[in-house]
Amino acid sequence: LSTDITLDDVETTSLSISTASYGGFALSGADGVNDVLNTSELKTLTLSAASYGDITVDDIVDAEELQTISVTATGESADVAIDDIGTGTNSTALASVTLSATAGGTIDTGTITTTANLSTVSVTADGANSNITSTGALVTNGGGISSLTIAATDRATVDMTGMDMTVGAGLVAATSIS
């Protein structure tokens, strides 16, 4: 696309972007960013790429009602890149963040900002050449995280060295790292 995506700011509660094998979806705005705008009522964000499928999205600007973020990259050279979520208005409702790369898929994320108590954060990579890299931050601004899971299995990698995790006044109740 040659512009940002502008959603209906009242009616749109779910955004799902999927690519089939060898498909691609990339936003490239005239201002050099790839924003999804008018997202204040968005409750669910799902990005899913299959083998040799690519998805590139820059910012989800207003995330105040966002409850669920699900990003999957399944298969060789399935690549999903999403930059910052909540750059305009933080989510006050975010409950679940799931990032899953398998069978050679890769995911690259930026900053996720919320003021909610997250129920689950799951970052898992499985299989050779599967990789998740987070270069932003996970900021809960006063909320906590009930369950945090980070796993890399069967020659996969999860690289969170560039990520800051700031859990505001809350705490991380349960952590599993493998």
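As shown above, the structure is provided for reference.
Residues numbered from 1 in each chain as written. Predicted model: local features only at pLDDT ≥ 70, side-chain atom pairs only at ≥ 80, totals over all residues. Heavy atoms only, no water.

Digging into the overall build of the chain
Argument step 1. Across its full length, the chain holds 0 helices and 20 strands.
Argument step 2. In terms of overall dimensions, the chain is globule-like: its C-alpha atoms have a radius of gyration of 15 Å, near the 16 Å expected for 178 residues.
Argument step 3. Overall, the chain is about 45 × 45 × 25 Å in size when its C-alpha atoms are taken along their principal axes.
Argument step 4. By residue count, 43% of the 178 residues in the chain fall in the buried class.
Argument step 5. Accessible surface, the chain as shown: approximately 7,600 Å² in total, 49% of it carbon and sulfur. (Helix = DSSP H or I, 4+ residues; strand = E, 2+ residues; numbered from the N terminus. Rg over C-alpha atoms; globule rule 2.2 N^0.38 Å. Buried < 20%, exposed > 50% of the residue type's maximum accessible area, 1.4 Å probe, protein only. Areas by Shrake-Rupley, 256 points an atom, 1.4 Å probe, with all protein chains shown as cover.)

Re the environment of M163
Argument step 1. Relative to the assigned elements, M163 resides in the loop between β18 (157-159) and β19 (164-166).
Argument step 2. What makes M163 buried here is its relative accessible area of 17%.
Argument step 3. Separated by 110 residues in the primary sequence, M163 and G53 have C-alpha atoms spaced 25 Å apart.

Focus on the sheet that holds strand β8 (residues 68-74)
Argument step 1. Strand order in the open sheet formed by 7 strands is β2-β5-β8-β11-β14-β17-β20, and the pairing between neighbours is parallel. Sheet topology places β2 (14-19) and β20 (172-177) at the edges, where each strand pairs with a single neighbour. The mean angle between the axes of side-by-side strands here comes to 5°, regardless of whether they run parallel or antiparallel.
Argument step 2. The sheet contact formed by β8 and strand β11 (residues 96-102) spans 7 bridges and is parallel. Note that in β11 the partner of T68 across the bridge is S96. (Pairing = 2+ DSSP bridges. Axes fitted to C-alpha atoms, helices over the stretch in contact; angles between N-to-C directions.)

Re the sheet that holds strand β9 (residues 79-82)
Remark on secondary structure: sheet strands pair via backbone hydrogen bonds, oriented parallel or antiparallel.
Argument step 1. Strand order in the open sheet formed by 6 strands is β3-β6-β9-β12-β15-β18, and the pairing between neighbours is parallel. The sheet terminates laterally at β3 (24-26) and β18, the two strands that pair on one side only. Within this sheet the neighbouring strands show an average axis-to-axis angle of 5°, counted without direction.
Argument step 2. Sheet topology note: the strand β12 (residues 106-109)/strand β15 (residues 131-134) ladder contains 4 bridges and is parallel. Directly across from T109, in β15, lies its bridge partner S134.

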